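The lines below spell out each chain.
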Amino acid sequence: LAAFVYLPSGCAQSPQPTPLPAPPPLKLIPQGEKAQLNQAKDIKARLRLTIELASAHLSSAEKLTMQTEYDAAAAEVGMYHALIEDALEQLGTLRRDSNKTRDLYKRLELALRADGPRLTSMRRVTPLEFAVWIKKVEDFARAGRTEALNSFYGHTVVREPQKKTQE
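Everything in this summary refers to the structure shown in the same document. No experiment lies behind these values; they were computed from the predicted model shown.

About the cut-offs
Residues numbered from 1 in each chain as written. Predicted model: local features only at pLDDT ≥ 70, side-chain atom pairs only at ≥ 80, totals over all residues. Heavy atoms only, no water. Core = buried A, V, L, I, M, F, W, Y, C linked by side-chain atoms within 4.5 Å. Buried < 20%, exposed > 50% of the residue type's maximum accessible area, 1.4 Å probe, protein only. Helix = DSSP H or I, 4+ residues; strand = E, 2+ residues; numbered from the N terminus. Contact = heavy atoms within 4.5 Å. Axes fitted to C-alpha atoms, helices over the stretch in contact; angles between N-to-C directions. Parallel < 35°, antiparallel > 145°, perpendicular 65-115°, else oblique. Left-handed = near helix turned anticlockwise from the far one by under 90°. Nonpolar A, V, L, I, M, F, W, Y, C, P; charged D, E, K, R; others polar. Patch = residues over 30% accessible without salt bridge, like charges linked within 9 Å, V, L, I, M, F, W, Y side chains within 5 Å. Areas by Shrake-Rupley, 256 points an atom, 1.4 Å probe, with all protein chains shown as cover. Salt bridge = Lys/Arg side-chain N within 4 Å of Asp/Glu carboxyl O.

## Some remarks on the nonpolar core
Okay, so step 1: If you look at the biggest cluster of nonpolar residues, it comprises 29 residues, and the most contacted ones within it are Leu-47, Tyr-80, Ile-84, Leu-91, Leu-108, Leu-119 and Met-122.
Okay, so step 2: At the level of elements, α3 (43-66), α4 (70-92), α5 (99-125) and α6 (128-150) are the ones that each hand at least two residues to this core.
Okay, so step 3: Non-local contacts of Met-122, meaning those with residues more than four positions away in its chain, are made with Leu-58, Ala-61, Glu-62, Thr-65, Val-77 and Ile-134.

Dropping the structure here:
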């Protein structure tokens, strides 16, 4: 009888610990690319080059993900994130009421729209410890799209107040 009582408790599986997330990818623009961006003659050329470089980093990250080199893929995603963030900062300094600015935002929005599904498919095949950072970049790209689309609305549109999230 004692063996019957203690046997099931000994066979019970211990809970699996949840994997710790990998360190966040560094958000940096390589020196060569930064020099290329600084040599752009105007904001339109700079944005076009930024989108090309970001797309190249995302393509590289997709290839590395398929080869299960997740650390290198995360580094490429970090460079993609830094480039898009730089583009949004550059566009943020421009006058919002200009048609030229809206055209630039539209170009960025189209690029980010195309990148969304690519980031999602990459996140789905990546292990959880790396996927959390890809999800953050995916959310950042979605917020960038929203900012780009909001540039088409004038000052007469009343926006809902932003909810502050605690992290």
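Once the structure has been displayed, the description carries forward.
## Focus on the packing of α4 against α6
Packed helix pairs are characterised by how far apart their axes lie and by the angle those axes make with each other.
Okay, so step 1: Where α4 contacts α6, the axes come no closer than 10 Å and their chain directions differ by 20 degrees. When the axis of α4 is compared with that of α6, the two are roughly parallel. In this structure, α4 crosses over α6, and the sense of that crossing is left-handed. Taking contact as the criterion, the partners of Tyr-70, Asp-71, Ala-74, Val-77, Tyr-80, His-81, Ile-84, Glu-85 and Leu-88 in α4 are, on α6, Phe-130, Val-137, Phe-140, Ala-141, Gly-144 and Glu-147.
Okay, so step 2: Grouping the constituent residues of the contact of α4 with α6 by class yields ten nonpolar, two polar and three charged.

## Overview of a nonpolar patch on the surface
Okay, so step 1: Judged by side-chain polarity, Leu-149, Phe-152 and Tyr-153 come together as a nonpolar surface patch covering roughly 280 Å² of accessible area.
Okay, so step 2: Exposure remark for Tyr-153: the relative accessible area of 49% places this residue in the partly exposed category.

## A look at the pattern of salt bridges
Okay, so step 1: Applying the stated criterion to the full structure yields eleven salt bridges.
Okay, so step 2: Residue Arg-123 is joined to Glu-138 by a salt bridge in which the shortest nitrogen-to-oxygen separation is 2.7 Å. Here the residue Arg-123 occupies a position in helix α5, and Glu-138 occupies one in helix α6, the gap between them amounting to 15 residues.
Okay, so step 3: For Arg-123, a relative accessible area of 23% translates into the label partly exposed.
Okay, so step 4: Salt bridges here are not isolated pairs; linked through shared partners, they connect Arg-123, Lys-135, Glu-138, Asp-139 and Arg-142.

These figures capture arrangement, not role.
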